[in-house]
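# A structural walkthrough
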Amino acid sequence: MKGVKKVKKLRNLFLALLLAVSMSACSTSEDGTAATFKAGTYTGTSEGRNGELTVEVVLSDTAIDSVTVTSHSETEGIADPAIEQIPASIVEAQGLGVDTVSGATITSEAIIAAVTSALESAGADVEALKAVTSETTKQEDSEETTDVVVVGGGGAGIAAASSAAENGAAVILVEKTAALGGNTLASGLAMNAADPELEGTLDALNGQVDTLKAVLDYDEAEFGEYADTLTVLKGQIEEYLAGDTSKEFDSTEWHIIQTYTAGKRKDLDGNEISGQFDLVKTMCENSLDTYHWLGEVVGIELSDTLTSPVGSLWMRGHNFATKNGVFEASQEYIENNSGKIYLQTKAEELIIEDGAVTGVVCTREDGSKLTIHANNVILATGGFGANGEMVKEYNTYWPSIPDEIKTTNVAGATGDGIELGLQAGAKLEGMGMVQLMPTASAVTGLLEDGLLVPSQYYMFVNQEGLRFVNEYAERDVLASAALSQTDGVFYHIADQNMIPTLQNKATQEQVDAMVEKGIIYKADTLEELAELIGCPSENLIESVEKYNSYVDAGEDPEFGKNVFGSKIETAPYYAVIEKPSVHHTMGGLAINTDAQVLNENDEPIVGLYAAGEVTGGIHGGNRVGGNAIADIMVFGRIAGRNAAQ
Ligand code: ADP
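Residues numbered from 1 in each chain as written. Predicted model: local features only at pLDDT ≥ 70, side-chain atom pairs only at ≥ 80, totals over all residues. Heavy atoms only, no water.

### Focus: the overall build of the protein
To keep things clear, this is the line we draw: Strands are runs of DSSP state E lasting at least 2 residues, helices are runs of H or I lasting at least 4, and numbering of each runs from the N terminus. Radius of gyration: C-alpha atoms only; globule rule: 2.2 Å multiplied by the number of residues to the exponent 0.38. Only protein chains enter the accessibility calculation, which uses a 1.4 Å probe. A residue is then buried if its area is under 20% of the maximum for its type, exposed if over 50%, and partly exposed in between. Contacts are assigned to residue pairs that have any heavy atoms within 4.5 Å of one another. Under the convention used here, a 1.4 Å probe and the Shrake-Rupley method define accessible areas, while residue burial counts only the protein chains that appear. We count Lys and Arg on the positive side and Asp and Glu on the negative side, and we leave His and both chain ends out. We put the charge of a Lys on NZ, of an Arg on CZ, of an Asp on CG and of a Glu on CD.
Counting secondary structure elements, the protein contains 18 helices and 24 strands. In summary, the protein has a C-alpha radius of gyration of 25 Å against a globular reference of 26 Å for 645 residues, a match within 12%. C-alpha extents for the protein along the principal axes are approximately 85 × 70 × 45 Å. Taking all 645 residues of the protein together, 59% fall into the buried category. Looking at the protein alone, contacts between residues at least 24 apart form 74% of all its contacts between residues at least 6 apart. About 24000 Å² of surface is accessible on the protein, with carbon and sulfur atoms providing 47% of the total. Each charge class in the protein can be summarised by its mean position, and for the 39 positive and 97 negative side chains these summaries are 2 Å apart.

### Description of the pattern of salt bridges
In plain terms, the rule: Salt-bridge detection follows one rule: a side-chain nitrogen of Lys or Arg within 4 Å of a carboxyl oxygen of Asp or Glu.
As enumerated under the stated definition, the model contains 21 salt bridges in all. Residues Asp203 and Lys247 are paired through a salt bridge, measuring 2.7 Å at the closest nitrogen-oxygen approach. On the criterion of sequence distance, the pair formed by Asp203 in the loop between helix H6 (196-199) and helix H7 (208-215) and Lys247 in the loop between helix H8 (227-242) and helix H9 (252-263) is long-range, its members being 44 residues apart. Residue class for Asp203 comes out exposed when judged on its relative accessible area of 54%. A residue is classified by how much of its surface remains accessible, and Lys247, at 29% relative accessible area, is partly exposed. Between Lys561 and Glu471 there is a salt bridge, and its shortest N-O distance comes to 3.7 Å. Residue Lys561 is found in the loop between helix H17 (537-553) and strand S20 (573-578), and its partner Glu471 is found in the loop between strand S17 (459-462) and helix H14 (475-483); the two are separated by 90 residues along the sequence. Considered together, Lys561 and Glu471 belong to a single accessibility category, that of buried residues.

### Here's the deal with the domain arrangement of the protein
Heads up, the condition is: Note that the domain bounds were set by an automatic or database domain assignment. Buried area: the accessible area, evaluated with a 1.4 Å probe, that two parts lose upon being put together, summed over both parts. Whenever two N or O atoms come within 3.5 Å, that pair is a polar contact, provided that in protein one can donate a hydrogen and the other can accept it, and provided that, for residues adjacent in sequence, both atoms are side-chain atoms. When residues are grouped by polarity, Ala, Val, Leu, Ile, Met, Phe, Trp, Tyr, Cys and Pro land in nonpolar, Asp, Glu, Lys and Arg in charged, and all others, Gly among them, in polar.
Domain annotation of the protein identifies domain 1 (2-130), domain 2 (143-180 + 265-434 + 585-644) and domain 3 (439-579). Computed from C-alpha atoms alone, the centre-to-centre distance between domain 2 and domain 3 is 32 Å. On the domain 3 side, the residues contacting the 25 residues of domain 2 number 26 residues. Surface buried jointly by domain 2 and domain 3 totals about 1900 Å² across both partners, of which 52% is contributed by carbon and sulfur atoms. The interface formed by domain 2 and domain 3 holds six residue pairs in polar contact (both at pLDDT 80 or more) in total. For the side of domain 2 that touches domain 3, the elements supplying multiple residues, two or more each, are strand S9 (302-307) and strand S10 (317-320). Here the side of domain 2 that touches domain 3 is built from residues that sort into 10 nonpolar, 11 polar and four charged.

### Focus: the site of the ligand
As a reminder of what qualifies: Proximity criterion: a residue is near a molecule or strand once any of its heavy atoms comes within 4 Å of it.
Taken together, the neighbourhood of the ligand is formed by 25 residues, with Ala156, Glu175, Thr184, Asp416 and Glu613 sitting nearest. In this structure, Gly155 approaches the ligand through a main-chain N or O atom, which is 3.1 Å from an oxygen atom. One of the backbone N or O atoms of Glu613 is found 2.8 Å from an oxygen atom in the ligand. Against a free-state accessible area of 580 Å², the protein chains account for coverage of 98% of the ligand. Counting only elements with at least two residues in the shell around the ligand, the list comes to helix H4 (155-166), helix H5 (182-186) and strand S12 (345-353). Looking at side-chain class alone, the shell around the ligand contains six nonpolar, 14 polar and five charged residues.

### Things to note about the sheet that holds strand S3 (residues 64-71)
Here is the rule: When DSSP finds two or more bridges between two strands, those strands count as paired. Helix axes use the C-alpha atoms of the stretch in contact, all axes being lines fitted to C-alpha atoms, and the angles between their N-to-C directions lie in the range 0 to 180 degrees.
Here we have three strands laid out as an open sheet, ordered S1-S2-S3, and antiparallel in their pairing. Both outer strands of the open sheet, strand S1 (40-47) and S3, are each paired with one neighbouring strand and no more. Direction aside, neighbouring strands of the sheet carry axes that sit 25° apart on average. The strands touched by helix H2 (residues 105-121) are S1, strand S2 (52-59) and S3; relative to S1, the strand with the most contacts, the crossing angle is about 140°.

### Remarks on the nonpolar core
We apply this condition: Here, the term nonpolar core denotes a set of buried Ala, Val, Leu, Ile, Met, Phe, Trp, Tyr and Cys residues that are joined through side-chain atoms within 4.5 Å.
Counting residues in each nonpolar core, the largest one holds 107 residues, and the members touching the most others are Val150, Phe320, Leu350, Leu379, Leu608, Met633 and Phe635. A total of 10 residues in this core trace back to one element, the largest contributor, which is helix H18 (residues 627-644). Excluding residues that lie within four positions of it along the chain, Leu608 makes contacts with Leu350, Val357, Val377, Leu379, Ala424, Ala595, Gln596 and Val597. Counting 32 residues, the second-largest nonpolar core is a separate cluster that includes Val67, Ala79, Ala124 and Leu129.

### Overview of H2
So the rule is basically this: What a helix should span is 1.5 Å times the count of its residues minus one.
Taking 1.5 Å of rise per residue, 17 residues should cover 24 Å, and H2 covers 24 Å from first to last C-alpha, within 8% of that figure. The secondary structure elements touched by the buried residues of H2 are S1, S2, S3, helix H1 (80-93) and helix H3 (126-130). Phi turns positive one or two residues past the end of H2, at Gly123, with a value near 80°.

### Some details on the pairing of strand S16 (residues 434-437)
Of the two faces of S16, the one lined by Val434 and Leu436 and the one lined by Gln435 and Met437 are each fully buried. Relative to strand S21 (residues 581-585), S16 is paired through four bridges, and the arrangement is antiparallel. When the sheet's bridge partners are listed, Val434 is paired in S21 with Thr585.

Structure representation (structure tokens):
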């Protein structure tokens, strides 16, 4: 069924893989004659978004009896609706002209292509079957009234809707694709929060004490509104250095200062940009509490492990037990608190009366309109990283963004919220600041194909087998260094010790599957690894030896790496082929600490809130790894609470 519908529980969707959809209807070609098949079971393969996808098609003499996706490596959660719905639609239509599922178009097309190939091998007339389309019944246009509408069902959207529901509001969340998740689900989902208690149980890493000592030399005069925070931080560091430094240090102030220094950048015209103090402070001060709120109130299963995603600069990334669990639990919480979630429902236009936002007009998948009147609208539509044109149009940071650059983003990240905000006169902040993810897969452009190793544990070499950067640096520094290597391609070198540290908890089997796909190289010796990646083995061996000596010394005289994990010395060795990919758009709608959207005069626009990647002003010119999840959850929660009142 198309159009407005309450979201179906996506739990156990992996079972859809095993679910063969059966029908006894006969296939009829366009001219009305019954199709004939050579009965039997056929398989077909095609290339999905992340790799090969295989289907099994069972044919009787006159009908497509069943279609089953038997294997794939598509993104869990985001691709699930296509894997469930497309086989069913093909069987129902008895043809190949079925609609793709929004947000999972590539997966949908891959399933159709694999079925086409299976049917071809059965000798079927696939051209005739392509002309057989699925029938959609268009719903009547309709209207609803509620307290709060949330536009977008990624991390910011589910936090906002949960918080609005918690505070007693009637809430409707509209999501344009067929699944909740957005880029949040495609990310590493590590949420930075200074947690001195938990971090104090971890051994301090080599080099961390020196990093902290260097802060004592920072000059308050260069820190503007952040000066007082720096003074407090210096006091904390002095106290820490006078005591037991074998365990890790952290504080909210350290998180604030790192967010500021990592985000302070100049654009191509020499204009300086940095995170706004009040927004950064709000994010850092509320992150730990919000993380616990997600667990205790919303019911998301948390994990007590910490990580340090690439460009995070410190070990303060909090994890969730599973990525899908974040959306399953919040969906349940929202619906149990009388909230409604409408998938495949795209917000097209804000309703604006006397300068105040009073609702939103949406289009459903079948083209019918849904008008929702509300006291407040929260925009949580994510960034515009999947909108190549917009990225290029706004970019004021990168001297050039290669035409062939890929993106880590899901298809829905097209910047719709920017357009919606502009309809209400919103001010934009830092739009030219686009983050390239240095460690995306060079093969697919995606993040999940990178190993997601905490950044202290690995080294990078270029195609010549030479190190070229401090691997613990900020993302823009890494991406910029990578883009100046041959083809912008580099290898991320690690050893067997990385397996238990993988942020996405990839198992040995999953890593080996990536080896099979040609995304990761694995070898018993460094010589063999060098041969596999085609670089001079003496260079790779020397680079690893030098790197290991820096790990021992806790100091890197070549590139200034200042935080280290273990040495690279335990076979087998791994090399992941990587290349920067468009990842995060730091700019967006201007907001205040109450998550109200501001107009050009910095006044709140009545009835309009925003949270998450659609907003600007927090990350300056470079976002710290792990701060996106902190941002979206903290401001999503604030937006929901305020919009409910
Ligand atoms: P954030 O990290 O800020 O939460 P995400 O990318 O995770 O951002 O989620 C944003 C969600 O908003 C995506 O699922 C996307 O499909 C959805 N979205 C974007 N534009 C619209 C729109 N016009 N109407 C409804 N949903 C939208």
